Structures are given as C-alpha cells and as structure tokens.
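Take a look at the letters that make up each chain.
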Amino acid sequence: MAAPLRAVLSAAARQLGELGYARMSLESVAAAAGTTVPSLRRRYRNKAELVAVVIGSLRVEEPPVDAPTTRAHALAILENLHSNLRAIPALAVLGSLLAEEGRHPELLHLFRTRIVEPRRALLRQELAAGDLPDSADLDALTSMLIGSFYGQYVTIASIPDDWPNRVLSAVWPHDTSPAPSRRDHNP
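Let me sum up the structure you'll find in this document. (Residues numbered from 1 in each chain as written. Predicted model: local features only at pLDDT ≥ 70, side-chain atom pairs only at ≥ 80, totals over all residues. Heavy atoms only, no water.)

**Details of the nonpolar core**
So, step 1. Counting 52 residues, the largest nonpolar core has L50 and F111 as the members making the most contacts within it.
So, step 2. Top element by residues in this core is helix α7 (residues 105-129). It accounts for 8 residues.
So, step 3. Setting aside its immediate chain neighbours within four residues, L50 contacts V8, L9, A12, M24, L26, V29 and Y44. (Core = buried A, V, L, I, M, F, W, Y, C linked by side-chain atoms within 4.5 Å. Buried < 20%, exposed > 50% of the residue type's maximum accessible area, 1.4 Å probe, protein only. Helix = DSSP H or I, 4+ residues; strand = E, 2+ residues; numbered from the N terminus. Contact = heavy atoms within 4.5 Å.)

**With respect to the pattern of salt bridges**
So, step 1. One pass over the structure, following the stated rule, counts 5 salt bridges.
So, step 2. Among the ionic pairs, R45 bridges to E49, the shortest N-O distance being 2.9 Å.
So, step 3. Judged by its relative accessible area of 21%, E49 falls in the partly exposed class.
So, step 4. For R166, the salt bridge identified is with D162, shortest N-O distance 3.5 Å.
So, step 5. On the accessibility criterion, D162 (40% relative accessible area) is partly exposed. (Salt bridge = Lys/Arg side-chain N within 4 Å of Asp/Glu carboxyl O.)

**A short note on the side chain of T35**
So, step 1. Structurally, T35 can be placed in the loop between α2 (26-33) and α3 (37-43).
So, step 2. Within the structure, the side chain of T35 is placed 3.3 Å from the side chain of S39, a separation counted as a polar contact. (Polar contact = N/O pair within 3.5 Å; in protein donor to acceptor, adjacent residues only side chain to side chain.)

**Quick word on the environment of T142**
So, step 1. Here T142 is to be found in helix α8 (residues 138-156).
So, step 2. Residues T142 and R119, spaced 23 residues apart in sequence, show a C-alpha to C-alpha distance of 9.6 Å.
So, step 3. The contact partners of T142, leaving out residues within four places of it in the chain, are R120, L123, R124 and L127.
So, step 4. In terms of polar contacts, T142 uses its side chain to reach the backbone carbonyl oxygen of L138, at 2.7 Å.

**Considerations on the side chain of S96**
So, step 1. When you line up the elements, S96 lands in helix α6 (residues 90-99).
So, step 2. Assessed through its relative accessible area of 9%, S96 is described here as buried.
So, step 3. Excluding residues within four positions of it along the chain, S96 makes contact with L16, G20 and Y21.

Note that every value here comes from positions in space, so none of it alone points to a role or purpose.
Listed below in structure tokens is the structure:
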C-alpha cells in the first residue's frame, strides 16, 4: 500500500523531531504514514535518504523583501527565522542532526543550507547596508544574532516573542538607517 508522499514526509518529520534520528526507523515511519516498509524502500534507499528529503521539504517561509528601513528589514529577517524555528520542529531536528553529524554530516549540511544560510546571507546584507560603524565585524554580528536564538532556547527552553527585536537592539539600537534601496534579496 502506497501512502501519499505528504503523509510519509509528515510522519518522518514528526518522528525525527520527537524521537531523534537514532530512534526513528523506516518501520515506525511506515506505520505512522499508513504504508509498508517495502513501499518506503522503493522511494528511499535508507533512513538517511528519507531524512534528507524531509529536510529539503521543510516549509520555510521566506522573509519579506520590503521594509521601511534597512534596520526594519534586518528585524523582519530575524522575526522570520524565529517564525520558522517555531513552525517546524527545527530545534529538535537540529539537535538530532547534531548528534548524527559524525555518521551523517550531509544531513546537518542540508539543514544549514536550507534553513540557516539563506537568512544569514540576507541578514549580513542588511547589516552591511545599515548605519553600523565601519569597524563592525559583520560575520561576527551575523553569527551572534542568529546564534542567540539557539543559545536562548538551550538556556531557557523557549524563545520569547520579542527576542528578535531585543537581540537586534543590542547591536543596532536606533533606527536611523536610510530606507532600503532596490536590492536583489535572493541569497
């Protein structure tokens, strides 16, 4: 019995977030999706291939491209990251992928390129266009801003709704930046 792809990916994503990669199995995904292991194996050679497809299919909402100021756009990017981390079990999936990095580094790489890097590139672009001092280390600031979400979650077990503004205000306190010019926002 073949299950719709959506049911398989949903079951696999749920199990990856709840059980972790090591405890997730093709058998448990097949049962949750209402299909059989042979049916899954016709689509995916192994669990790693299924998880790669799950990561590639995660619904990631794109950040807005227009905002009244450069700082407002940087804030919108951080709010978008926050929204995406909440919408999918991203932090639980990330924890599982970090635990498997030694055996399956390609899965963590896919998470980075699908979820983190596009926002990182956009945020760095906005920081570069902002009214920060010329001496500002944009790579360090970008890492600090994005990394603060993970750090906040690990220490407090949640990320407050106002976290994007709070963390951005720590490095970019006033909105004196010019309105953004027309830019290509594709990473």
